[in-house]
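For reference, the chains in residue letters:
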Amino acid sequence: MMVRVKANRAKAKLRAGETLIGTYMRHRDAGISEILCYLGFDFILFDSEHGPIAEADAENLARACETTECTPIIRVNTNMPSMIGRNLDTGMQGVQIPMVNTAEEARAAVRAAKYQPIGARGLAAARAAHFGQLLPFSYKEHIEKSNEETMVIVQIETPQAIENLEAIVEVPNIDVIFIGPTDLSNSLGHPGDFKHPDVQRAFERITAMVAKSDKKLGVLAATTEAVIDWKHRGARYIMTVFEAILGPAVRNFLSTVRQA
Ligand code: 3PY
Ligand code: MG
């Protein structure tokens, strides 16, 4: 049978209670992403919030992930239906939305990412629907499978979001509540100081509230120690940064061979 909407392996693993290890990706080159998929990351978060990735890139980056079962997720720069729909149309299997501060904003993200009857995502025979070329083509099947497989991840990055978190975690059809530690520490007045007691208290509050809900906890963790720490604290969607892994490995390699 022809594969239509691709199964979202990351979503299946999350549902099974497993911990996902993914990487952040700001580069537009599909070859680098393809290599990261072969290396075994569960997902790649393609960034069009802080990186130059646009929709035309997203199509090729989704294709790169289709070489394996690695799940491609796009981080959009605004919580707008046109932005979210256009990016999901490329074949991305999830959308991550920065700075979600209220339950209404969380509901808006879901509405944009899901077709009716859950949401109001615009329908078209886009790349995500194989350009309508896999016959017999069925919008009904595309809608049902996309609604099942598409992940929605909302980022908690401000004190306002923490204040509203009890209501945000109640919003249906969100898979992951994601702590953005950089922006969160910044909005708390301690930019980059993740160890500051105010920041740690905020992390603990979010972690406890997500643990009581049916959502999974996500976070950015850039070092081996931070990934392990967050895994033990209950995070199930951990986004690392491949350059942070590559940097020490390359520096160590160069210093070893130069000294030999
Ligand atoms: C943050 O740390 O602010 C993030 O958005 C993580 O990607
Ligand atoms: Mg952020």
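The structure contained in this document is the topic of the report that follows. (Residues numbered from 1 in each chain as written. Chains lettered and ligands numbered in written order. Predicted model: local features only at pLDDT ≥ 70, side-chain atom pairs only at ≥ 80, totals over all residues. Heavy atoms only, no water.)

**Observations regarding the packing of aromatic side chains**
- As enumerated under the stated definition, the model contains 5 aromatic pairs in all.
- Measuring from ring centre to ring centre gives 4.7 Å for Phe137 and Tyr139, while their planes differ by 75°; the resulting arrangement is edge-to-face.
- Grouped by ring-pair contacts, the aromatic residues Phe43, Phe178 and Tyr237 constitute a single cluster.
- Between the NZ or CZ atom of Arg233 and the centre of the ring of Trp230, over which it lies, the distance is 4.5 Å. (Phe/Tyr/Trp six-rings, centres within 6.5 Å; stacked < 30°, edge-to-face > 60°. Lys NZ or Arg CZ within 6 Å of the ring centre and 35° of its normal.)

**Section: the coordination of the magnesium ion (ligand 2)**
- For the magnesium ion (ligand 2), every protein donor is listed as Glu157 (OE) and Asp183 (OD), and the spread of their distances is 2.0 to 2.1 Å. One end of the pair, Glu157, is in the loop between strand E5 (151–156) and helix H7 (159–163); the other, Asp183, is in helix H9 (residues 181–187), with 26 residues separating them in the sequence.
- Owing to a relative accessible area of 21%, Asp183 belongs among the partly exposed residues under this scheme. (Donors = N, O, S within 2.8 Å, 3.2 Å for Na, K, Ca; no water. Helix = DSSP H or I, 4+ residues; strand = E, 2+ residues; numbered from the N terminus. Buried < 20%, exposed > 50% of the residue type's maximum accessible area, 1.4 Å probe, protein only.)

**A look at the site of ligand 1**
- In the vicinity of ligand 1, the contacting residues are Arg75, Gln155, Glu157, Phe178, Gly180, Pro181, Thr182, Asp183, Leu220 and Met239.
- Contact between ligand 1 and Glu157: an oxygen atom at 2.9 Å from a side-chain N or O atom of the residue.
- Looking at the shell around ligand 1 element by element, the count peaks at 3 residues for H9.
- Looking at the shell around ligand 1, its residues break down into 4 nonpolar, 3 polar and 3 charged. (Near = heavy atom within 4 Å. Polar contact = N/O pair within 3.5 Å; in protein donor to acceptor, adjacent residues only side chain to side chain. Nonpolar A, V, L, I, M, F, W, Y, C, P; charged D, E, K, R; others polar.)

**With respect to the pairing of strand E2 (residues 43–47)**
- The element E2 is largely enclosed, with a buried count of 5 among its 5 residues.
- A two-sided burial pattern is seen for E2, the buried positions comprising Phe43, Leu45 and Asp47 on one face and Ile44 and Phe46 on the other.
- As paired strands, strand E1 (residues 20–25) and E2 are joined by 4 bridges and run parallel to one another. Opposite Tyr24, over in E2, you have Leu45 as the bridge partner. (Pairing = 2+ DSSP bridges.)

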